[in-house]
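Chain and residue survey
Okay, here's what each chain looks like letter by letter:
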Amino acid sequence: MATEDARYRQSSQYRLWSFTPSQLLDLREKTNALAHAQISSRLRTSDPPVDPLPAFLTPAEELHVLNHFTLELLRAAPYCNLPTDIQATAAIFLRRFYLTNSVMTYPPHELIKTCLFFGCKAEGYFIRVQKIAGIFPNTTGEMILAAEYVLCQGIRFAFDVRHPFRALEGTVMELRRMGDFDDDRINRAHTRTREILKFSPLVTDAYFHYTPSQIMYAALAISDEELVQRMMREAFAGQGEAVKDKIWGVIQNCKAMLEKEPPEKMTSYWTDPECTKAIKTVRRKLAKCRDPDRVDLVALQKARREQAAQKPKAKGPANPDEDIFGNVNIGERESKRRRVAQKGEDPFGPPL
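What comes next concerns the included structure. (Residues numbered from 1 in each chain as written. Predicted model: local features only at pLDDT ≥ 70, side-chain atom pairs only at ≥ 80, totals over all residues. Heavy atoms only, no water.)

**Regarding the layout of surface pockets**
In this approach, a probe sized like a water molecule rolls over the atoms, and the result shows the empty space that is left. Applicable threshold: Cavities and pockets were defined on a 1 Å grid built from protein atoms only: a cavity is a group of points that admits a 1.4 Å probe but offers it no way out, a pocket is an open group of points flanked by protein on both sides within 12 Å along at least five of seven lines, and a lining residue is one with an atom within 4 Å of any such point. Grid points are joined across faces, edges and corners, and a volume is the space filled by probe spheres set on the points. Secondary structure follows DSSP: runs of H or I at least 4 residues long count as helices, runs of E at least 2 residues long count as strands, and numbering of each begins at the N terminus. Gly is placed with the polar residues, together with every amino acid not listed as nonpolar (Ala, Val, Leu, Ile, Met, Phe, Trp, Tyr, Cys and Pro) or charged (Asp, Glu, Lys and Arg).
As a volume, the largest pocket reaches approximately 1,200 Å³. In terms of lining, the largest pocket is formed by 34 residues, of which the most central are Tyr8, Thr211, Pro212, Ser213 and Gln214. Those elements that place two or more of their residues in the lining of the largest pocket are helix H1 (4–9), helix H3 (21–44), helix H10 (165–178), helix H12 (206–209), helix H13 (212–223), helix H14 (225–235) and helix H15 (241–259). Residue contributions to the lining of the largest pocket peak at 5 residues, all from H13. The residue makeup of the lining of the largest pocket, split by class, is 17 nonpolar, 9 polar and 8 charged. Taken together, Phe69, Glu72, Arg75, Ala76, Tyr79, His109, Ile112, Lys113, Ile135, Phe136 and Pro137 make up the lining of the second largest pocket. Those elements that provide at least two residues to the lining of the second largest pocket are helix H4 (59–76) and helix H6 (108–122).

Written out as structure tokens, the structure reads:
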């Protein structure tokens, strides 16, 4: 039987969406450069042409915008009464999409709505599109659906997202079975760790760098490091200190990443004047360097449909059977059918 690690390595999350920090940085820089070139060309050929060209966002500024709209998505999701897994899936879809697409190309304030709706689909949770549209001002169901196929392309049709929540529940059960710690301590760590997992990994790059179990242990180490040490001793008993130290180093690196975005930021971010000022500055810059062809996704989708409808359909052969059977005598074939029908014979032969 394959181990849990072997099964995870076969998942699309590992094969398509796992990167080293340098790979992730390089990919974001390439995405930014490509968007810069494409939008520059469209602005120059627009009517009237834009000259001089505006200042474009840097990769760091794009990441700042992405983090802001990830927070917007997490703030809107509870109003839909969506389960935790779906909120997390929608956030990861958004971050995956903007890894190979620029916020200058596709408007993130539209994509967060589509991510919420499609996150429900991916997790098998039924919700009417109008319910999500009703949460956001000046939004229709058509606007949410307009970006759905674009989103699927952007995430490479990889709809499976592995989260650390189930790993946390299993770890809590194991800690209780061991009996080394009282239930109150485990319950406090459980509650705090779940709060961290619902926020910190979703607004960082943790899902791109670490496995769900590593993220879970890192969050648990923030809550109560001694509990993680006990689980490590149990898991690596008899395997030597070198292996355990290697895994512990990975968990510590993930822990440092999660600590940069504590759950309390979900409340403080919206009232922090420095955060508000910084995002307003970047969004004003973004408004000037947007892709003019993709500002209105509904109009873009309609134009593509009309273009597809206007394409001439290929004409089929006058006699399709000739492509398969060659030059056949239609009259002879029809006479055989009539003879079989008159005799009442089964065209497929007598019963066995």
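Let's pick the thread back up.
**A closer look at empty space enclosed by the protein**
As enumerated under the stated definition, the model contains 1 cavity of 30 Å³ or more in all. When its volume is computed, the largest cavity comes out at roughly 110 Å³. Lining the largest cavity we find Arg28, Thr31, Asn32, Pro59, Glu62, Leu63, Leu66, Tyr98, Leu99, Asn101, Ser102 and Val103. Of all the secondary structure elements, the ones that give two or more residues to the lining of the largest cavity are H3, H4 and helix H5 (84–100). For the lining of the largest cavity, the element with the highest residue contribution is H4, accounting for 4 residues.

**As for H15**
For the record, the criterion: Expected helix span is given by 1.5 Å per residue-to-residue step, counting one fewer step than there are residues. Exposure classes here rest on a 1.4 Å probe applied to the protein chains alone. A residue is buried below 20% of its type maximum, exposed above 50%, and partly exposed in between. What makes two residues a contact is simply this: any of their non-hydrogen atoms within 4.5 Å.
The end-to-end C-alpha distance of H15, which contains 19 residues, comes to 26 Å, matching closely the 27 Å that a straight helix rising 1.5 Å per residue would cover. Those residues of H15 lying buried are Lys244, Trp248, Ile251, Cys254, Lys255, Met257 and Leu258. Where H15 is buried, its residues touch helix H11 (183–197), H12, H13 and H14.

**So, unusual backbone geometry**
Put simply, aspartate 47 and proline 48 share a cis peptide bond, and its omega is -5°. When you line up the elements, proline 48 lands in the loop between H3 and H4. In this structure, the amide linkage connecting aspartate 51 to the following residue, proline 52, adopts the cis form with an omega of 5°. We note that asparagine 81 has phi near 55°; this positive angle belongs to a residue other than glycine.

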